[in-house]
Amino acid sequence: MLLKKTIKEWQSVLDSEIWELEVAEEGLFRPLMFSYFDLPSHLRQCFSYCAVFPKDYVIEKDKLIGLWMAQGLLKGTQHRDMEMVGEDYFNDLSMRSFFQDFEKDEIGGIIRCKMHDIVHDFAQFLTRGECLIIEAGSSSSIEGFNESARHVTLMIPNSSDGCATRIYDARNLYTLLVDSDGVGEHDVDLLKLFDKQKFLRILKSQSERINKCSKQIGNLIHLRSLDLSCNSFLEELPEAVCNLYNLLILDISQCWKLRSLPCRMGNLINLRHLRNESTDCVEFMPKGMEKLTCLRTLSSFVVDSGGKGAALSELGNLIHLRGELEIRQLRNVKDKREAEKAQLRNKKGLTTLILTIGSTFLDQSQVSEASVIVLEALEPPLDLERLLIWAYKCPTPTLGVWPSWIVSLTKLKFFGLGNCVDVEQLPPLWKLPSLESLYMDKIGGVKKVGVEFLGIETSSLSPSSSSSSAVVAFPNLKSLEFWDMEEWEEWDYGSRGEEDIKIMPRLSSLKIYECKKLKMLPDSILRSTTLQNLEIYSSPVISSRCKGEYQPHISRIPKVGIY
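Keep in mind the model is a prediction, meaning the values are calculated, not measured. (Residues numbered from 1 in each chain as written. Predicted model: local features only at pLDDT ≥ 70, side-chain atom pairs only at ≥ 80, totals over all residues. Heavy atoms only, no water.)

Novice: Residue-level account of the pattern of salt bridges, with values.
Specialist: All told, the structure shown has 23 salt bridges when counted by the stated rule. Taking the shortest distance from any N to any O, the salt bridge between Glu83 and Arg272 comes out at 2.8 Å. Residue Glu83 is located in helix α5 (residues 82-95), and its partner Arg272 is located in the loop between β9 (249-251) and β10 (273-275); the two are separated by 189 residues in the primary sequence. Judged by its relative accessible area of 10%, Arg272 is buried. Here the residues in one salt-bridge network are Lys63, Asp227 and Asp251, joined through shared partners. (Salt bridge = Lys/Arg side-chain N within 4 Å of Asp/Glu carboxyl O. Helix = DSSP H or I, 4+ residues; strand = E, 2+ residues; numbered from the N terminus. Buried < 20%, exposed > 50% of the residue type's maximum accessible area, 1.4 Å probe, protein only.)

Novice: Please set out the sheet that holds strand β1 (residues 59-60) residue by residue, giving values where relevant.
Specialist: In spatial order, the strands read β1-β3-β2; together these 3 strands make up an open sheet with antiparallel pairing. In this open sheet, the two edge strands, each paired with only one partner strand, are β1 and β2 (100-104). Relative to strand β3 (residues 110-114), β2 runs antiparallel, the two being bridged by 3 bridges. Its bridge partner lying in β3, Glu103 is registered against Arg112. (Pairing = 2+ DSSP bridges.)

Novice: Explain the nonpolar core to me, and be specific about the residues and the numbers.
Specialist: Core analysis: the largest hydrophobic core is formed by 118 residues, its most contacted members being Leu298, Leu312, Phe474 and Trp491. At 4 residues, helix α10 (residues 370-377) tops the list of elements feeding residues into this core. Setting aside its immediate chain neighbours within four residues, Leu312 contacts Phe301, Val303, Ile327, Leu330, Val333, Glu338, Ala339, Ala342 and Leu378. In terms of nonpolar packing, the next biggest core, distinct from the first, is built from 40 residues, Cys46, Leu67, Phe99 and Ile110 among them. (Core = buried A, V, L, I, M, F, W, Y, C linked by side-chain atoms within 4.5 Å. Contact = heavy atoms within 4.5 Å.)

Novice: Quick one: what's the story with the sheet that holds strand β23 (residues 509-513), residue by residue and with numbers?
Specialist: Spatial ordering of the open sheet is given by β12-β13-β14-β15-β16-β17-β20-β23-β24-β25, a layout of 10 strands whose pairing is parallel. Edge strands, defined here as strands with exactly one partner in the open sheet, are β12 (300-302) and β25 (559-562). Between one strand and the next, the sheet's axes are offset by a mean angle of 10°, whatever the strand orientation. Pairing of strand β15 (residues 386-390) with strand β16 (residues 414-418), which is carried by 5 bridges, proceeds in the parallel orientation. From the neighbouring strand, Arg386 faces β16, where its bridge partner is Phe414. (Axes fitted to C-alpha atoms, helices over the stretch in contact; angles between N-to-C directions.)

Novice: Any chance you could break down the environment of Lys287 for me, citing the residues and the numbers?
Specialist: Assignment of secondary structure puts Lys287 in the loop between β10 and β11 (297-298). Residues Lys287 and Ala310, 23 residues apart in the sequence, show an inter-C-alpha distance of 4.2 Å. Not counting residues up to four positions away in its chain, the partners in contact with Lys287 are Cys263, Gly307, Lys308, Gly309, Ala310 and Glu314. In this structure the side chain of Lys287 is engaged in a polar contact, spanning 3.2 Å, whose partner is the backbone oxygen of Gly307. (Polar contact = N/O pair within 3.5 Å; in protein donor to acceptor, adjacent residues only side chain to side chain.)

Novice: Which residues make up the state of the cysteines, and what are the values?
Specialist: Tallied over the entire structure, the rule returns 0 disulfides. Left without a disulfide partner, Cys113 is nearest to the cysteine sulfur of Cys50, which lies 7.8 Å away. Judged by its relative accessible area of 1%, Cys113 is buried. (Disulfide = S-S within 2.5 Å.)

Take a look at the structure:
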């Protein structure tokens, strides 16, 4: 109703025939019915489809948009992708209060939501007989099964003592979402489903029992979305998956034991989203990845070490990639030109980049000096918002230079650096105007953090410097974390540095964990008036001083934890 601005518009509401419908007499549905019929037809379809989720279900926004897309409810244009259209639809429905309890990311974007129970009941009412939610072991939900149902969610609790076997009687399912709470004896027999569900467009199957996916899945030629995520015992995917030419979404995230991807992945030329984060046992990407030119999401790309898999240069063709991309095992890239051919700089849609040079489980001696040159060649887009670098090695002082492109990332909000045992100097991030969070973990070679951390040489701090021309270091930094810095002893900018440089004027959270040799906190931290949270854990010297001489300074910080 907030969208109705004139008396004429409000009068049309009063005169609407909606009030004469039988359901409108049910008080709770009356305002929802009007809001629903006030929606354009495409939004009605998208909202109605949400009846497939159980009550109080946490809905992931991107996955919901993917389901809409797989059902053919989103139509892209020459200038707007289906995903962007879906984003608009989601925002429209959110604005009209069809969704609530929003969970947001670090930059304020919605990532999850729920539906109010009454709104959910209303969606179920609209799709009665078409969308069903069945709980195995529940006689009432099984008895209500309709063989003509199009969209079914099957809930299998860990304590279930029976399975909804009538699901096999359905012949015209478009959507089947199977959720299992744990290891059970009554999971759905997927082989039976593959034989009978010829029109299935969306299949989600999560079960602790699945360790192998049947090659019969290749019979589901209309399948557009396949979600096998969180199947922690799944070890392989059959080559038959590559026969699903209409597939738009493949989700194998958190399949911890998955060893490889099918060799003919390049056949899936319509694939738009390959969600494969947390598949750490996969050792390389199959050759032919460069053919997947429709890809918008590629969570992880693993560089091969033996020539069996795709080269890093195959990323060059994937110009539509957006969101988050992790590139693992960059130590296997020996040629700067191969890294340049990946053309990361041209992938304007990327917001998060994770570069893992070695492995958290490898000796750093296995990370070659060539990795330093390769990292320089992997220049990301200038609008990047989050950057993480893991297992980086600076072999010698002369080569221990950070990539020159770091200082040009003016939109960067988060930077993380971890498992860099030989790094002796932190990167020059002090100038980045948008940087809000800085995370350092296991930077083993750092013994002192001084004015070089602020990007200024000691010699430049002359006695004639005036406060009116003071430099601001880390102007927007709000969160700073140091973890497991084994050799770190000093954090001191010197008296002139503290006077001539305005340091972290917006810092609100500082966490220091497992820094056992650190002896002191700088004056700029102790005098900070913006600090709201201070956590010190397993850092004995600093912990002792916080309970002693630092106490007058930290007593005004609202939240302090010394462990």
